[in-house]
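Breakdown of the fold
Listed below are the residues making up each chain.
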Amino acid sequence: MSRKLIWQIPLLLFLIAGTIFIARQERTKPYQRNQGKIFGTFYHITYQCENDLQKEIENELMKVDKTLSMFNDSSIISRINRNEQTDPTTEEGNMFMEVFHLAMNISKETKGAFDITVAPLVNAWGFGFKEGTEPTPSVVDSIRKFVGYEKVELTENPKLKIRKTDPRTMMDCSAIAKGFGCDVVARFLQKRDVSNYMIEIGGEVVAKGTNDKGEQWRIGITKPTEDSTNQNTELQGILRLPTTSKHLQALATSGNYRNFYYKDGQRYAHTIDPRTGMPVQHNILSATVVAKTCAIADAYATAFMVMGLDGAKKVLEAHDDLQAYLIYSDEKGEYAIWKSKELMVEE
């Protein structure tokens, strides 16, 4: 054995011992569990860390609220909807620009099936469904004049401002905000060197590493049942997220689980197509999307509800970074499933 190799053996043994020690220390760290309310819904966060970080996590979530909340009069999006200028140099301003650019890219990719300016149409039809009436074609046409992602443009100099072709155009990021909130918390945990965590906000999820049993994170997919009490939590399947300590996965679900209408014996969700201003005639009841970030998953899940099964498949064929689990009503009005081959689902 060479003298050089002999001197390397102690160093190798030291490195092995150090690795074992670090691994044991990591396994003995406790898992913290935080929960609370944000964005009009609830969050549940589990993460392996010596310290409880709930206060810091809620500070991060409040930054998102100050950026994207329609119910916060001083938020970036509220001020833009009032046609006011805002400062792009703030952390909230940067967050808004990130979400806006992502929303515009996905809107173009889906040819407007995802559109953060659709809220006035959703509200018009929503009230109609509740009252048993429908908005007239003239009402729909009047609203469509100021709905459409192509009617807004972001300018950043000298101030962050949305240029609108019609001042009545308003934005609502509710179809992407929860997912983005999950991403923001994930970034915070990663900066704190947290390797194992699961973040859930209103059903949207980001997960990394393993749970407290050393197993893959498992996420239940709710079966879309006609339950007016909203108490039915029957699962259609359980999705296993094959994450690692270095790689995370994000999941988001869009669906009107308890808001159906019947047409020719089939069930359809109350989803409005931003491009037509009318309820979609597709039969997808729930769209679950897995992506590299939760904001992306959130937006595409919404788009798939609008595009329908065939449209969603075409998008998925063009994106190997997206997977989906789609629940729809088949020709007999029964539940049917389509899923990407890569997904591991226990049914």
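Look up a bit, the structure's there.
Residues numbered from 1 in each chain as written. Predicted model: local features only at pLDDT ≥ 70, side-chain atom pairs only at ≥ 80, totals over all residues. Heavy atoms only, no water.

Brief notes about the environment of Ala299
By the element assignment, Ala299 lies in helix α8 (residues 294–318). It is 8.9 Å that separates the C-alpha atoms of Ala299 and Ser107, two residues lying 192 residues apart in sequence. Beyond its immediate chain neighbours, meaning those up to four positions away, Ala299 contacts Ile106, Phe114, Ala175 and Ile176. (Helix = DSSP H or I, 4+ residues; strand = E, 2+ residues; numbered from the N terminus. Contact = heavy atoms within 4.5 Å.)

Regarding the pattern of salt bridges
Enumeration according to the criterion identifies eleven salt bridges in this entry. Put simply, Asp212 and Arg33 hold a salt bridge, and the shortest N to O gap is 2.5 Å. Taken together, the residues Asp212 in the loop between β6 (204–208) and β7 (217–222) and Arg33 in strand β1 (residues 31–38) connect sequence positions 179 residues apart. Taking relative accessible area as the criterion, Arg33 reaches 53% and is therefore assigned exposed. With its nearest N and O atoms 3.2 Å apart, the salt bridge here joins Glu91 to Lys63. With Glu91 in helix α4 (residues 91–109) and Lys63 in helix α2 (residues 54–68), this residue pair connects regions lying 28 residues apart in the sequence. (Salt bridge = Lys/Arg side-chain N within 4 Å of Asp/Glu carboxyl O. Buried < 20%, exposed > 50% of the residue type's maximum accessible area, 1.4 Å probe, protein only.)

Overview of the pairing of strand β16 (residues 335–339)
Of the strand pairs in this sheet, strand β15 (residues 323–329) and β16 are connected by five bridges, and their pairing is antiparallel. Pairing of Leu326 across the sheet is with Trp338, part of β16. (Pairing = 2+ DSSP bridges.)

Some points on the pairing of strand β8 (residues 235–241)
Pairing geometry for β7 and β8, over six bridges, is antiparallel. Across the sheet, the residue bridging to Ile219 is Leu239, located in β8. Pairing of β8 with strand β17 (residues 344–346), which is carried by three bridges, proceeds in the antiparallel orientation. Residue Leu239 lies in a different strand from β17, and its bridge partner there is Val345.

A word on the sheet that holds β8
By definition, the strands of a sheet pair up through backbone hydrogen bonds, in either a parallel or an antiparallel sense. If you trace the three strands from one edge of the open sheet to the other, you get β7-β8-β17, paired in antiparallel fashion. Both edges of this open sheet fall to β7 and β17, since each of them pairs with a single strand only. Across the sheet, the axes of successive neighbouring strands diverge by a mean angle of 30°, strand direction being ignored. (Axes fitted to C-alpha atoms, helices over the stretch in contact; angles between N-to-C directions.)

Brief notes about the nonpolar core
Within the largest apolar cluster, 53 residues are counted, with the highest numbers of intra-cluster contacts made by Phe96, Phe100 and Phe304. Sorting the residues of this core by element identifies α2, α3 (76–81), α4, β3 (152–155), α7 (174–191), β14 (284–291), α8 and β15 as the ones contributing at least two each. Per-element accounting of this core gives the leading share, 15 residues, to α8. Once residues lying within four places of it in the same chain are set aside, the contact partners of Phe100 are Ile116, Val152, Glu153, Leu154, Ile162 and Met171. (Core = buried A, V, L, I, M, F, W, Y, C linked by side-chain atoms within 4.5 Å.)

Thoughts on the packing of aromatic side chains
Per the stated rule, a full pass over the model turns up two aromatic pairs. With 6.0 Å between their ring centres and 25° between their planes, Phe96 and Phe100 make a pair best called stacked. Separated by four residues within a single helix, Phe96 and Phe100 lie in helix α4, roughly one turn from each other. Across the pair, exposure class does not vary: Phe96 and Phe100 are buried alike. Consider the rings of Tyr300 and Phe304, whose centres lie 6.0 Å apart with planes at 50°: the pair is tilted. Highlighted residues: Tyr300 and Phe304, both in helix α8, separated by four residues, approximately one helical turn. (Phe/Tyr/Trp six-rings, centres within 6.5 Å; stacked < 30°, edge-to-face > 60°.)

What to know about the sheet that holds β6
If you trace the eight strands from one edge of the open sheet to the other, you get β1-β2-β5-β6-β9-β14-β15-β16, paired in antiparallel fashion. In this open sheet, the two edge strands, each paired with only one partner strand, are β1 and β16. Ignoring strand direction, the axes of neighbouring strands in this sheet form an average angle of 10°. With eight bridges connecting them, β1 and strand β2 (residues 41–48) associate as antiparallel partners. Following the sheet pairing, Gly36 is matched in β2 by Tyr43. Across the sheet, α8 lies against β6, β9 (248–255), β14, β15 and β16, angled at about 125° from β14, the strand it touches most.

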